2 protein chains.
Amino acid sequence: MIPTDLIKGSLKTIVLKLLKENGRMYGYEITRKVEELTDGKIKLTYGALYPVLHKLESEGVLFTESENFNNRIRIYYLLTTHGHSVVAEKIKELNEFIESLQRIVDTKPGLSYA
Amino acid sequence: MIPTDLIKGSLKTIVLKLLKENGRMYGYEITRKVEELTDGKIKLTYGALYPVLHKLESEGVLFTESENFNNRIRIYYLLTTHGHSVVAEKIKELNEFIESLQRIVDTKPGLSYA
DNA sequence: TGCAATATATAAACAACTTATATATTATAT
DNA sequence: ATATAATATATAAGTTGTTTATATATTGCA
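Calculation notes
- Numbering of residues begins from 1 in every chain and follows the order in which that chain's sequence is written.
- By the order in which they are written, chains take letters starting at A while ligands take numbers starting at 1.
- Reporting in this predicted model follows two pLDDT cut-offs: at least 70 for local features of residues, and 80 or more for side-chain atom pairs to be given and counted; totals over whole chains, interfaces and linings ignore these cut-offs and use all residues.
- To get the side-chain values, take all heavy atoms of the structure and skip hydrogens and water.
- The rule for a residue being near a molecule or strand is that one of its heavy atoms must lie within 4 Å of it.
- Under the rule applied, a polar contact is a pair of N or O atoms within 3.5 Å (in protein, one hydrogen donor and one hydrogen acceptor; residues adjacent in sequence only if both atoms are side-chain atoms).
- Helix and strand assignments come from DSSP, with helices taken as H or I runs of at least 4 residues and strands as E runs of at least 2, each series counted from the N terminus.
- Ten residue types, Ala, Val, Leu, Ile, Met, Phe, Trp, Tyr, Cys and Pro, are classed as nonpolar, four, Asp, Glu, Lys and Arg, as charged, and the remainder, Gly among them, as polar.
- The cut-offs for exposure are 20% and 50% of the maximum accessible area for each residue type, with area from a 1.4 Å probe on protein chains only; residues under the lower value are buried, those over the upper are exposed, and the others partly exposed.
- Residue contacts follow a heavy-atom distance rule, with two residues in contact if any of their heavy atoms lie within 4.5 Å.
- Summed over both partners, the accessible area (1.4 Å probe) lost when two parts come together is defined as the buried area.
- For salt bridges, the criterion is a side-chain nitrogen of Lys or Arg within 4 Å of an Asp or Glu carboxyl oxygen.

1. Brief notes about the protein's contact with DNA strand D
And step 1. In the vicinity of DNA strand D there are 22 residues, among which Tyr28, Arg74 and Ile75 of chain A together with Thr4 and Thr45 of chain B approach most closely.
And step 2. With respect to DNA strand D, the backbone of glycine 27 of chain A contributes an N or O atom lying 3.4 Å from a phosphate oxygen.
And step 3. Elements represented by at least two residues in the surface near DNA strand D include exactly helix H3 (27–37), helix H4 (46–58) and strand S3 (72–79) of chain A together with helix H4 (46–58) of chain B.
And step 4. Looking at the surface near DNA strand D element by element, the count peaks at five residues for S3 of chain A.
And step 5. Looking at the surface near DNA strand D residue by residue, the class counts come to eight nonpolar, eight polar and six charged.

Written out as structure tokens, the structure reads:
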């Protein structure tokens, strides 16, 4: 419903925010959660999600815990100590972004009816 | 202040919304207006803005009017008839996106304090 | 005289995402 | 029995889009 190009830049922050909230999550779970929170309006693709998770891991923002669940491997992602401070900053930026977008979109369409 | 990667996907919609609002604008004016509306938090780069404007023109969403102002050429961009219906759709999508982001960011950080 | 602001534009390099593909298990429906 | 959907992770090629650097030119201010 919401075109993917709108979501692009926010993907990293969304992932970090969810991990902060839920302690630890695996990839598939993250996509489900985002769909649930947005009534199916935002659907993350794995081709975008996994590279982001791997990159955040290589940057020391996340670390993983592998577990066996019903003969399937589940890779949980968790925030590192450093990751916790990164999330706080990212969420602040996202809030500023949301505010800025609202100011742009909410401006009245001219006072033509006044 | 707001990292550019957050803005990326919304650039097109922001430009279209401003053109709808102001009738016609030139590139430099668009960057000024966005800075003004967001207290300097969003700064568009020309390397991103002009390709977007040119693409929208080639798609028939915008058309241009060149004028001479103080010996400088100003290229005004305006919405075509088709462009007007595109903007309406884009703004709707952006509003849905903003709502979705808010739902993700506003969820309580666990009921750990309840 | 030089710097900042105004004004548009392109190109090379880089980053990021989409689409397609591969693999494997479990549950549900037919 | 068999097929399909859901669960689950991952990579690669191709495409798209952005950053950074660069070019050009005028006006106003110090």
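2. Notes on the protein's contact with DNA strand C
And step 1. Neighbouring DNA strand C are 23 residues; Thr4 and Arg72 of chain A together with Tyr28, Arg74 and Ile75 of chain B lie closest to it.
And step 2. Close to the protein, within 4 Å, the atoms of DNA strand C are drawn from sugar and phosphate at a rate of 84%.
And step 3. Separating a phosphate oxygen of DNA strand C from a side-chain N or O atom of tyrosine 26 of chain B is a distance of 3.1 Å.
And step 4. The separation between a phosphate oxygen of DNA strand C and a polar side-chain atom of tyrosine 77 of chain B is 3.0 Å.
And step 5. Only H4 of chain A together with helix H3 (27–37), H4 and strand S3 (72–79) of chain B provide two or more residues apiece to the surface near DNA strand C.

3. Looking at the environment of lysine 55 of chain B
All names here are of chain B.
And step 1. Within the element layout of this structure, lysine 55 appears in helix H4.
And step 2. For lysine 55, a relative accessible area of 46% corresponds to the partly exposed category.
And step 3. The spacing of lysine 55 and lysine 12 is 43 residues in sequence and 10.0 Å in space, taken between C-alpha atoms.

4. Brief notes about the interface of chain A and chain B
And step 1. Contacts between the two partners involve 32 residues from chain A, matched on the other side by 32 residues from chain B.
And step 2. Carbon and sulfur atoms make up 65% of the surface buried where chain A meets chain B, a total of about 3,600 Å² over both sides.
And step 3. The interface formed by chain A and chain B includes two salt bridges.
And step 4. Note that arginine 103 of chain B is salt-bridged to aspartate 39 of chain A, the shortest N-O span being 3.0 Å.
And step 5. Counting the contacts that link chain A with chain B gives six residue pairs in polar contact (both at pLDDT 80 or more).
And step 6. Listing elements by their share of the side of chain A that touches chain B, those giving two or more residues are helix H1 (4–7), helix H2 (11–22) and helix H5 (81–106) of chain A.
And step 7. Broken down by element, the side of chain A that touches chain B gets its largest block of residues, 13 residues, from H5 of chain A.
And step 8. Across the side of chain A that touches chain B, the residue classes tally to 16 nonpolar, seven polar and nine charged.

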